[in-house]
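If you want the building blocks of each chain, they are given just below.
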Amino acid sequence: MSMSVVTLPLLRKSVDVRKGNWSLATCVALFLGSMAVAASLGAVTLPLDTTVRLLVKGIAGLPIDSEERAQAAIVYLIRFPRVLAAAMVGAALALSGVVMQGLFRNPLADAGIIGVSSGGALGGVLIISTGLAATSSVALPCATFAGALCTAFAVYFFSTRRGRTPLTTLLLVGIAVNSVLASLTSLILSLSPDYEISRQMLFWLMGGLDGRGWTHVQMALPFVFCGVLPVLLLSRDLNVLLLGEETAMSLGVNVELVRRILLALSALLAGAAVAVSGTIGFVGLVVPHMMRLLVGPDHRLLIPAAAVGGATFLVWCDLLARTLVATEEIRLGILTACVGGPFFLHLLLREERRQRGEG
Amino acid sequence: MRFHGVRPARWVGGGLIILLVAGFVYRPHRLRGDLTPPVFPPQRIVSLSLAADEILLALAPPERIAALTYLADDPRVSNVVAEARRIPHKVRANAEYVLALQPDLIIVSAYTNAAVKALLRTTGVPLLELGQFASLAAVEQNILAIGQAIGEADKAHALVAMMQRRLQEVRQRVAAAPRPRVLYYSAGGFVLGKGTTMDEMIASAGGRNVALEAGVERAKKLSQERLVVLNPSVILVSGEEGQEGLRELLLADPALQEVEAIRTGRVHTIPRPYASTVSQYVVKCVEAIAKILHPEVFPPMEER
């Protein structure tokens, strides 16, 4: 069998498509429910129906009674956009994870682990330090995208030989790239002459959705849109890529071109996420694997499922982050790392066992 | 390998696209409906800056203050611990918690998290943003601004006049004395130079800030080598009462034994709430520094 060992787990489980469809439908229902719950819980907890009523009034621009104004402001101006931002970031990170795992044919590929998020963060810090981020709302996501894109192609260049990316090479390249980018980021931070700007950069770098509102949602939407749409359209090609380079070519797929496009798209999604929330790890690792268990490895199902699943996952993480401890927020990245770190180890050990068993 | 029946996945994909397009088209707006007419003077004031806490407690009765910062009753940094304990709520810069208190005035500072300030602005609640506290004049301006915003302008003017009188008194008493070379040194080796209240406080208390000789603007980390070369004759550190850790560390540091202040034992601790304050309590800090620098002008028995 010429297919690389590491591609097998992505295709191994063949789940009944009908079951996959039902799982997907359940995920969508769960997602919508989670949004409503997340919008009603927080500093002031409101009944679900009041929350939905205030939200609809806010979104539709219907007049609001003066005694409900404070609640409406909390729900519509502060909490709901934050929940939306969480959903968007979660979906973008999970999709970028799915694409990278398919592209590198490597179950441990993730924007955080291979350094793409750090590249985005470096781009972001650069643009904030020049002050451009304050003047234009597209400057920050453009910069994070550019940073993520350069990093993604650098990682691809260093770790992939003839369409193959050995697991250890990818992880080691990730470590090297991450540390180089982190030190460059620290350099910019320490050279920044303006205290205010350094504070702003640090706050953004720490990662989280604290203080994110409608402006952030609107800033990242075009970028997420431009990432999600082509990824959905390319899901069939991702399936074919998993069958191996020769098979894909014989099926008429321009392998190199598709790979580059997918790489750019995953960087675009990761960059958009970083622009909103700073770096948040492990979402792109955990969610795709969970969704593979639920809907199977077919990317035509997996891609929408990962988007919905990632959104749900991060909405819940963010809800916990802002409600677990009263009056104090836990950083979102801490929570995702608590889930993702052990999961990463589990995957790593599983891969090692498999390679030993089959090698 | 063949796949069957993935149409529902396309619906979900389509749904995602529709959601994103809707997001594109949708423009969030301010809340519509009758605004409760703004209350003046405000009766539910929320402060998100420790300096504003200290100023507010001097100007407004406690029943008009809905919340102070979580630092206000922390004896390590606050000058108003006892008064602050009477205020029921302590908050951090978190838009939800602040709005939940239904404030009619929110006071923030230049240091407050910019994203939170932007969020609070969209809600239409009156917001007073204090400028940078980089000089004693700026502190006075901030006091006057708070007084204006809460309808206590007279009290604010009186407070500023009191500050100026006491500062003037200190300046006059130390005017004839020689001006020692002083360095304010905080943990991690950070010193304060041009454009800080500490610089002005040292000058008002009759000292020369040697950080200026090193070209320090605002806060900067100073290497030990630099500290030895600068050779200040007095070093000020801030600390909590009863804990003089940094002072002991400096005095015991073998690398610093040639520094005049270390050799002569002139390393002094000023209480941290004084050293970090940017409210009317700067006066107390100036007085404390003046007593350290010029014990001959301020006999030790004198207490105010």
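Residues numbered from 1 in each chain as written. Chains lettered and ligands numbered in written order. Predicted model: local features only at pLDDT ≥ 70, side-chain atom pairs only at ≥ 80, totals over all residues. Heavy atoms only, no water.

## Comments concerning the interface of chain A and chain B
What counts here: Should any heavy atoms of two residues lie within 4.5 Å, those residues are counted as being in contact. Salt bridge, as applied in this entry: a Lys or Arg side-chain nitrogen positioned within 4 Å of an Asp or Glu carboxyl oxygen. Only Asp, Glu, Lys and Arg are considered charged, only Ala, Val, Leu, Ile, Met, Phe, Trp, Tyr, Cys and Pro nonpolar, and every remaining residue, Gly among them, polar.
Each side of the interface is counted separately: chain A has 56 residues, and chain B has 45 residues. In this structure, the connection of chain A to chain B is made through two salt bridges. In this structure, A:Arg79 and B:Glu96 form a salt bridge, with 2.9 Å as the shortest nitrogen-oxygen distance. Across the side of chain A that touches chain B, the residue classes tally to 33 nonpolar, 10 polar and 13 charged.

## Observations concerning the side chain of B:Glu140
Residues and elements named next belong to chain B. The following threshold applies: The helix count covers DSSP runs of H or I at least four residues long, the strand count covers runs of E at least two residues long, and both are numbered beginning at the N terminus. Accessible area is worked out with a 1.4 Å probe on protein chains only. A residue is then buried under 20% of its type maximum, exposed over 50%, and partly exposed in between. Residues counted as positive are Lys and Arg, residues counted as negative are Asp and Glu, and His and the chain ends are not counted.
With respect to the helices and strands, the residue Glu 140 is situated in helix H6 (residues 136-149). Despite its burial, Glu 140 pairs with no opposite charge; the closest candidate is Arg 171, at 6.8 Å N-O. What Glu 140 contacts, discounting residues up to four positions off in sequence, is Val 160, Met 163 and Gln 164.

## A few points about the packing of aromatic side chains
Put simply, the test is: The criterion for an aromatic pair is that two Phe, Tyr or Trp rings (for Trp, the six-membered ring) have centres within 6.5 Å, with stacked assigned to planes under 30 degrees apart, edge-to-face to planes over 60 apart and tilted to the rest.
The tally for this structure, following the rule as stated, stands at seven aromatic pairs over all chains. Ring geometry for A:Phe157 against A:Phe158: centres 5.4 Å apart, planes inclined by 70 degrees, an arrangement best described as edge-to-face. Taken together, a centroid distance of 5.6 Å and an interplanar angle of 55 degrees make the contact between A:Trp214 and B:Tyr26 tilted. With A:Trp214 in helix H10 (residues 214-233) and B:Tyr26 in the loop between helix H1 (7-25) and strand S1 (45-47), this pair bridges two chains.

## What about a nonpolar patch on the surface?
All names here are of chain A. This is how the line gets drawn: A patch is a set of surface residues, each over 30% in relative accessible area and not in a salt bridge, joined within 9 Å for like charges and within 5 Å for the nonpolar side chains Val, Leu, Ile, Met, Phe, Trp and Tyr. Reported accessibility uses the Shrake-Rupley method at a 1.4 Å probe radius. Residues are deemed covered only where the shown protein chains occlude them.
Together, Val 180, Leu 184, Leu 187 and Leu 191 give the surface a local cluster of nonpolar side chains, amounting to about 370 Å² of exposed area. Within the secondary structure, Val 180 sits in helix H8 (residues 167-191). According to the relative accessible area criterion, Val 180 is partly exposed, its value standing at 48%.

## With respect to the domain arrangement of chain B
Residue and element names in this part refer to chain B. Using the following cut-off: All domain edges in this entry derive from an automatic or database-based domain assignment. Summed over both partners, the accessible area lost on bringing two parts together, with a 1.4 Å probe, is the buried area.
For chain B, the domain assignment lists domain 1 (45-163) and domain 2 (178-293). For domain 1 and domain 2, the distance between their C-alpha centroids amounts to 28 Å. Taken together, the 20 residues of domain 1 in the interface contact 19 residues of domain 2. Across the domain 1/domain 2 interface, buried area totals approximately 1500 Å², and carbon plus sulfur atoms make up 60% of it. Looking only at domain 1, the three residues that lose the most surface to domain 2 are Arg 76, Asn 79 and Leu 136, adding up to 37% of its buried area. The interface formed by domain 1 and domain 2 holds zero salt bridges in total. Mapped onto the side of domain 1 that touches domain 2, the elements with two or more residues apiece are helix H2 (50-59), H6 and helix H7 (153-174). With four residues, the top contributor of residues to the side of domain 1 that touches domain 2 is H2. Broken down by class, the residue content of the side of domain 1 that touches domain 2 amounts to 13 nonpolar, four polar and three charged.

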